[in-house]
Every structure is written in structure tokens, then in C-alpha cells.
Amino acid sequence: MRKTPMLEVRNLHAHYGQAHILHGIDLDIGEGEILVLVGRNGAGKSTTMKALIGLVPPSAGEITFHNRPIANLPPYAIARHGLGYVPEERRIFTDLTVAENLEVGRQPARGTRPAWTPHRLFALFPNLATMGTRPGGRMSGGEQQMLTIARTLMGNPSLVLLDEPSEGLSPLIVEQMSHAILALKAEGVSILLAEQNLHFAARLADRAAVIETGRIVWTGPIQTLLHDEAVRSAHLAI
Amino acid sequence: MTALLIQLLTGLAGASTLFLVAAGLTVIFGVTRVVNFSHGSLFMLGAYIGWTILSRLPRDPGSFALGVLLTGLATSAIGSAVEMVLLRRIYKAPELLQLLATFGVVLILQDATQAIWGPADLTLPRGPWLRSAVMILGERFPLYDLILIATGPLILGTIWLLFARTRWGTLVRAATLDREMVSALGVDQRRLFTSVFALGAGLAGIGGALVLPQGSANLQMDLSVITDAFVVVVVGGLGSLTGAYLAAVLIGVLQALGIVLLPKATLVVVFVVMACVLIVRPHGLLGRPLTATRTDAAAIAPIRPATPALLWAAAALLVLAIAAPLIVGPFVLSVLTDITIAILFAASLHVLMGPGGMASFGHAAWFGLGAYGTALAVKSLAAPMPLALLLAPIAAGGVALVFGALVVRLSGVYLAMLTLAFAQIVWAVAFQWSDVTGGDNGILGVWPPAWAGPASFYWISLVLCVGGAILLRRALYAPFGFALRASRDSALRAEAIGLNPNALRLAAFTLAGSAAGLAGGLAAYAKGSVFPTTISVGHSVDALVMVLLGGVQTMAGPIIGAIAYTGLFDALLLATGFWRAALGACILAIVLLFPQGIAGGFNRPGVAGSVKRTI
Ligand SMILES: Nc1ncnc2c1ncn2[C@@H]1O[C@H](COP(=O)(O)OP(=O)(O)O)[C@@H](O)[C@H]1O
Ligand SMILES: [Mg+2]
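Since the structure is predicted, the reported quantities are computational estimates derived from the model, not experimental observations. (Residues numbered from 1 in each chain as written. Chains lettered and ligands numbered in written order. Predicted model: local features only at pLDDT ≥ 70, side-chain atom pairs only at ≥ 80, totals over all residues. Heavy atoms only, no water.)

(A) The arrangement of the overall build of chain B in detail. A tally of helices and strands in chain B yields 24 helices and four strands. Taking 25 Å as the expected radius of gyration for a compact globule of 615 residues, we find that chain B reaches 25 Å, a close match to that expectation. Seen through its principal axes, chain B has C-alpha atoms that stretch 70 × 60 × 50 Å. Within chain B, buried positions represent 56% of all 615 residues. Relative to all contacts within chain B whose residues are 6 or more apart in sequence, the contacts with residues 24 or more apart total 81%. Carbon and sulfur atoms make up 71% of the accessible area of chain B, which amounts to about 24,400 Å² in all. In chain B, which carries 33 positive and 20 negative side-chain charges, the distance between the mean positions of the two groups comes to 8 Å. (Helix = DSSP H or I, 4+ residues; strand = E, 2+ residues; numbered from the N terminus. Rg over C-alpha atoms; globule rule 2.2 N^0.38 Å. Buried < 20%, exposed > 50% of the residue type's maximum accessible area, 1.4 Å probe, protein only. Contact = heavy atoms within 4.5 Å. Areas by Shrake-Rupley, 256 points an atom, 1.4 Å probe, with all protein chains shown as cover. Lys, Arg positive; Asp, Glu negative; His and termini not counted. Charge placed at Lys NZ, Arg CZ, Asp CG, Glu CD.)

Right, dumping it as C-alpha cells:
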């Protein structure tokens, strides 16, 4: 039995203007767990994450995080409760240096885990270590992806929403990325990972949830999703 | 040569105060994406509050510095209050509504200032040190001007350090790039925005207090400084602090030299320089293309065709309007004539704002050009009424074509600020070129010929204005209108299907300018006179309020708005001495309660987030 989930999502709905995108999402993520959200382009993975962090205010449903309802809070308050968000488009502050990008993300540590510092993050992402004064706009895609994760970690989140971190990266960088994610897991950070790259996800995640047009259609162990033909053909016509 | 040098230094001194205002404006815009019209009012309040404080302090340099700083703190507090009470509620509104709401603040603060300090200009008794001078090349040059010259770079350096070296500055720069991401990282945007406002308002207040020793605190300084500051910010590049300083120096020096070299054409010189900069660098000296703000502002809803019921109502109203001279007395008839003119004025602006997607804040320029065109034709060419009226749209449309060619490429806020600045320049020309325009006294005696009595003139006006509005409406449902809206919604896609968005926008700009010009020509005859106030910011805002009152997304909007507003305005004038504050409060109420206008007030998108434009 898992402990009571750290994040509990019930019947989450979200709209862009008049367009109804999320139709009642249900999700649970436990302490220290990595859950991968799998689904086609446009299925609603990114929208789910934006709704969780409050950038797209949910139109209905409950989100409980560390036993607190957060569905109606502004993004900054949600982030301060320990929810970190790494957007798909990375959204590096291009004019700011690497060190300044990290500074924007800095929030006081909460709980018992040691606080993230630029020093510790450079150990996690060695590529960034030599770039402290480089503007974010003059970095490669892989370096930007590492910076955007590091920037979020500066807020000392207990759960990180990672939106397609392997997208558009070279195999070598993807490899480094999975090492970093496993290191985070070892630190006890929970992760909600949106991915289309199942190979990448399989090595990291404990469980998978399949999303289709704004609904969770299947949840279970990632290995089942990978190897059970019936489940695969029903939900992953990839 | 020496005189020129002295004049150059004077220009640099002026540039410093201008920079203080522009710096706040540009930093606030960078972070909040709000063009704060009321920034000039904070400058004016700085002068008045500074006067109150400084005239009570001893007249030594130390007390002066203290008084200026206290003034900055006071305006900073006022600016923060305005931000918390008003702007916070409209960060997601369309930019034109934001500009309009902050203009409402301008009106309220104008009346408040007048109520507190009275209508007279206030000058500061100057201590001896303020009167002392240094010798430069054998000329006496005021010491105070030298101090001002040093103030500009000093403040620039201080803000730069604040931005580069503090966490607050890092957050502000990050928010300028992507404020939504900053909030997702745990930073409370509201506090950040308020603190930026406090800084900007403080700088404006300090600027206001610093002009006291050489000038006065007066009720005109808010609009005159904001116009200059708009030009500075646009020339420097929106959001760029260093750009604002360079532009302030450029404009300040040009103005100072212009007074010596081309006393009559100073404003025109400034405008030509601005035009040159924008042709070479459309985003200003150091500006960059604006990244789309990451929060989705409420989009303008599509134009809805009129329902049959609405058409029947319009037809009934038209029959009444035609029969009116047989029913009502001369006073009501003159109000009705004003309304017909207001309808054409509002409808022409609506073409720009709605289907054209262009935020024009200086529409009175075209109205005024038409009015002066007609009046001058009557006075100096003794032109008969039909010819004089024909000249109105030609004059306004011609100038609109030239000015439009320069600005239609620019995006929303740039366009809004430049149209405003242009209208101010046209106003200044009308005001200063008294040999031709009569200056403040205007041009009198522009009466219709004997055959066009009040009733006939009303009918002429009705035919031209309502006919003009209907023609504008038809143009919007013709292929031209659809192409125009397609360009508004996506210039890229419009280009892909073979449209030329800039040419379409220019055509709309010229069309709207001509129509407003015709309205102006009629107004000249209706009033029998023309004054520079026809071109004032206030008159441009009249048109904006009419359009917004009616709602941008219906063609009936401007007509309903014109009727409602003309009625409202007359009622306010009769009912209260504080008509500006009352009008300002009405504007705020409209913006806060009916962001889509009265006609569209019940059609608000239910859920936050982006609303895609459909047509
Ligand atoms: N800003 C937006 N405005 C309107 N619709 C959007 C916006 N962003 C995404 N959508 C729509 O929402 C749906 C879900 O998108 P998204 O959550 O990005 O999917 P995913 O991340 O799974 O690829 C898609 O149909 C997409 O077209
Ligand atoms: Mg996505």
C-alpha cells in the first residue's frame, strides 16, 4: 500500500476560452514516485500541467497537494507550496545569465531536504557549471533544458511537473537527462513526467497514466503498458 | 557658437527631467505591458506636492534635496495606490482599454489637483544658490542646470545598478521577458508590479519637483510631459532604459536648439526626427520586437451582423431623425446636429479600432484637420459650402495617408502613442501658427450660407454623417472589410493568401481619416468656428469613449455610443463643476464593469484564458 498521495487530482476540467480541453482528469502521485503521463500530441498533457500549476485556472475539480486544496490559488502560491513546473517550451529568460535564471527560481527550502544551491545543481548538470555568466539565449537546446530544470529545482519543490524534457534533444543529452532525473528520484523528489518517448520513460517511471482527449483512460505499472499486448493495442496505437 | 553651446546645455538639462518621466514609463511598460497615461499626472503631482513641501522648507541645497526626495516618496505612494486600486484589475484587458482607463485617472487627478491647489500657476521662491551661475565661455550658465544635467546619468546609473545587482532587479528583468513564467516560479507578480509602479511614480514625482526652480506647477504639465515622454519612449524603444535616456537627450537637445534655429517649426522637427528613427528602426533606437505577452488578453470579439430587429429599430430611429426639425426646437436641433457629427466621428474611429485592429489615440487630429481645412477654405478662399466641405475629407485623408504610411506597420501600443503624439503636434501647430490659424482665438465666422438654415443644415449633416457611417459599414462587409479583418487576426496568414496587410491597413487609416475630416468640416459650420481644442487629447478620448461605450464588436456600437455619450456629456456639464473627474469616473466604470462596451456587455467570455478570434 502506498502512503496517502502527495498530489491528488479529482475530476479536473479546464478550458481555453470556450474550448473544453480537460474533461475530468483523475491522478494520484505518491511521495518519491515518478508517474509518466503518456498520450498523443494534443491529448492534453501540457494543459494538465498548466492547470496543476495554475497557469490555466481549472474550471472545475479538486487538486489536493500535501493535504491542501490548491485548485484556486494563483501560480506563485502553488509554486511556494512546493510544486515545481518545467514547461515544454523551456521558457528560459534569454537576456538573463545562467546564474540570474537560477536566482529567479530561488525560494526558501521547505521540509527536511537540503536546499538546492547553484553549486549542487552544477554537480547534477555538469554542462551548466562553466556557463554561470552566459546569457540564457546563447545556449544549446540541451543546455537550456538542463537550465530550465535547474531553475525550477532552485525553488526546492517536492513535486516537479516535467513536460517532455527529452523532446528534440540528441541521444547523448537524453542519456544525461535520464541520469539527472534518476538522481532527483534518489533525493526523494516526486515527478510527474509527460512523455511521448516510451523508452526514455520506461527507465524512469514507476507508473504510467494514459491520457486521451483530456481524459485518463488507463493507469497502471509502466511495465504492463510496455509488455501487455492487450493494453498496448487498446491505448497506445503509436 | 557660444549661444548654441549654451542652448545645447539647456537642452541636456531638460532631457534629464524628461528622462525621469520616460524611465518610469518604460520600466512600468516593460513589466506590466501597460502604457500608463497617468504617468504625466504623477509628474504634475510631483510639482504641486514639491511646491507645498519646498515652500515650507529653508532655502538651502540640503533642504531642497530632502524636499525633492520626500516628494518622490509621496508620488510613489500615490502611484502604488493607483496601481493597487485600478490597474491590478485591468492587466488582462485589451491595451486600448488600459490606456483609456489610465486616461480616466488623468481626468480625476486633474480635477483633484485643481480642487486642492487652485487654478493658478505656482512658482517657488528661489534661494540664492538656485539663482547662482557659472561662467561657460564667458556666458553665465545657471548652476542648477548643470546639476540637472548630472542628474540624468546619475539616475540612469542608479536604476541600472538596481536592475543588474539586486534580486529585485533580476526579477523585474525576468518579468519583462516572461512574467507568467516568473509567477510559476513562485514570485508574487502583484507585489512585483506594485513595486515597479512605486519606483516609476517616484521618479516621475522627483522629475516634477525638479522643474520647479525654473518653471512652475501648472495644470497643463501632465499632458504636455506625457506627450513628450511617449515620443521619447517610442524613439528609445519601449522597455529600454538606456534607449529612453538617449532619446530624451536627442529630443531635449532638438527642442532646445530648435527654439533658437527654427522657432516656428520646433515641434515639426521633433516629429520628423521621430519619423526618421522609426523608419530606420521600427522598434526604436534600442528596442526589440515585443514578445507577445504570455498572458492572453481578452481578444476583441467578432463583428456580429445586425439582427432584423435591430435593423427595424434603426429604420424607425432614422425616420424620427428625418422628421425631427419639424418637431423639436432650435436647441434640441443643434444637439441633434452635434450627435450626427459625433456618429460619423465615432464610426470612423471604429473602423480603425474594430476591423482594423489599430489602436488610435489621436483621432481628433483628423477631425481637426477637416475642421481647419473647411474654415480656412471659407476664410481665405471664400469657398462656397459644398467646396469647403469637400476639402475637409481631402485635407484630413491626405495627411492620414502620409502619416499612416509611416505608422501602420507598428504594433498596438506604438501606434496608440504615435497617433496621440501626432495629434498633439497638430494641436500645437494650430495653437502656435497664429498667423494662419488664429492661434488660441481660433477661426470665427464659418457660417453656412443663407440657403442652409438650421433645419436644412441639420438635414445636410444627417445625410452626410449617417450616409457616411452606412458607407463605412458597407465597406466592412465588402471584400475589403473581410481582408482587413483577416490581416488584423493574422498578418502572416493574410499574406499567405495574397493580401497585403499594410496596404489594407493604410487604406483603412486613410478612409477613417477622411471620414473624421468630413465630420470636422461639418462641425466647423455647425459651430461657426474652429478652435485648437477640437484637436485636444480630450476630444480624441471623446471618440474612444463613444466607441467603447457602444462596444467594438458591433457596427451599431459607435452609433449607440455617440448618442449615449453626447447625452451623458451634456448632462455632466450641466450637473457638476467637476465634469472632468465625473467623466473620468464614468470611463473607469465602463472599463471595469463592461470591458466589451455597453452593447456587448452581456457577451463576456466565461472562462479565463485565451479566446481565439473567429472572424
Ligand atoms: N493556448 C491555447 N489556446 C487554445 N487551445 C490550445 C492552447 N494550447 C493548447 N490548446 C489545445 O488544447 C489541446 C491539448 O493541448 P496540449 O495540452 O498542449 O496537448 P499535449 O501537451 O498532450 O500535446 C490541443 O487540442 C491543443 O490544440
Ligand atoms: Mg505538450
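Here the narrative resumes, following the displayed structure.
(B) Quick peek at the interface of chain A and chain B. Each partner contributes to the interface: chain A provides 28 residues, whereas chain B provides 27 residues. In terms of surface lost to chain B, no three residues of chain A exceed Y76, R91 and F93 of chain A, which account for 25% of the buried area on that side. There are four salt bridges connecting chain A and chain B. D178 of chain B is paired through a salt bridge with R91 of chain A; the nearest N and O atoms lie 2.8 Å apart. (Buried area = accessible area lost by both parts, 1.4 Å probe. Salt bridge = Lys/Arg side-chain N within 4 Å of Asp/Glu carboxyl O.)

(C) Structural detail: the site of ligand 1. All names here are of chain A. The full set close to ligand 1 counts 11 residues, and G42, G44, K45, S46 and T47 are the nearest of them. At a separation of 2.8 Å, an oxygen atom of ligand 1 approaches a polar backbone atom of K45. S46 places a polar side-chain atom, nitrogen or oxygen, 2.7 Å from an oxygen atom of ligand 1. For ligand 1, whose unbound accessible area comes to 560 Å², protein coverage reaches 67%. Ranked by residue count, the leading element in the shell around ligand 1 is helix α1 (residues 45–53), at three residues. Considered class by class, the residues forming the shell around ligand 1 number three nonpolar, six polar and two charged. (Near = heavy atom within 4 Å. Polar contact = N/O pair within 3.5 Å; in protein donor to acceptor, adjacent residues only side chain to side chain. Nonpolar A, V, L, I, M, F, W, Y, C, P; charged D, E, K, R; others polar.)

(D) Highlighting the sheet that holds strand β3 (residues 34–38) of chain A. All names here are of chain A. In space, the six strands of this open sheet follow the order β6-β7-β8-β3-β9-β10, with mixed pairing throughout. Whereas interior strands pair on both sides, the edge strands pair on one side only; in this sheet they are β6 (83–86) and β10 (215–221). Taken over all neighbouring pairs, the strand axes of this sheet differ in orientation by 20° on average, direction set aside. (Pairing = 2+ DSSP bridges. Axes fitted to C-alpha atoms, helices over the stretch in contact; angles between N-to-C directions.)

(E) Here's a closer look at the environment of G11 of chain B. All names here are of chain B. Looking at the secondary structure, you find G11 in helix α1 (residues 2–32). Sequence separation between G11 and A314 is 303 residues, and the spatial gap between their C-alpha atoms is 56 Å. With residues up to four places along the chain from it excluded, the contact list for G11 reads G252, V253 and A256.

(F) The arrangement of the coordination of the magnesium ion (ligand 2) in detail. Looking at the magnesium ion (ligand 2), one finds its protein donor set to be S46 of chain A (OG) and E88 of chain A (OE), positioned 2.0 to 2.3 Å from the metal centre. Highlighted residues: S46 of chain A in helix α1 and E88 of chain A in the loop between β6 and α3 (98–105), separated in sequence by 42 residues. (Donors = N, O, S within 2.8 Å, 3.2 Å for Na, K, Ca; no water.)

(G) Structural detail: the pairing of strand β2 (residues 19–29) of chain A. Residues and elements named next belong to chain A. For strand β1 (residues 7–16) and β2, the ladder comprises eight bridges, and the chain directions are antiparallel. Looking at the pairing, H13 lines up with H23 of β2. The hairpin turn running from β1 into β2, its antiparallel successor, is two residues long, and G17 in that turn takes a positive phi close to 60°.

(H) Looking closely at the packing of helix α9 (residues 221–236) of chain B against helix α16 (residues 412–432) of chain B. Residues and elements named next belong to chain B. Where α9 meets α16, the closest approach of the two axes is 9 Å, and the angle between their N-to-C directions is 130°. One way to sum up the angle between α9 and α16 is to call them oblique. α9 and α16 meet at a crossing whose hand is left-handed. Between α9 and α16, the residues in contact are L223, T227, F230, V231 and V234 and Y414, M417, L418, L420, A421 and Q424, respectively. For the contact of α9 with α16, the class distribution of residues is nine nonpolar, two polar and no charged. (Parallel < 35°, antiparallel > 145°, perpendicular 65-115°, else oblique. Left-handed = near helix turned anticlockwise from the far one by under 90°.)

(I) Representation of the side chain of N101 of chain A. All names here are of chain A. Mapped onto the elements of the fold, N101 is located in helix α3. In this structure the side chain of N101 is engaged in a polar contact, spanning 3.0 Å, whose partner is the backbone nitrogen of F93. When residues no more than four places from it in sequence are discounted, the contact partners of N101 are I92, F93, L96, G136, L147 and R151.

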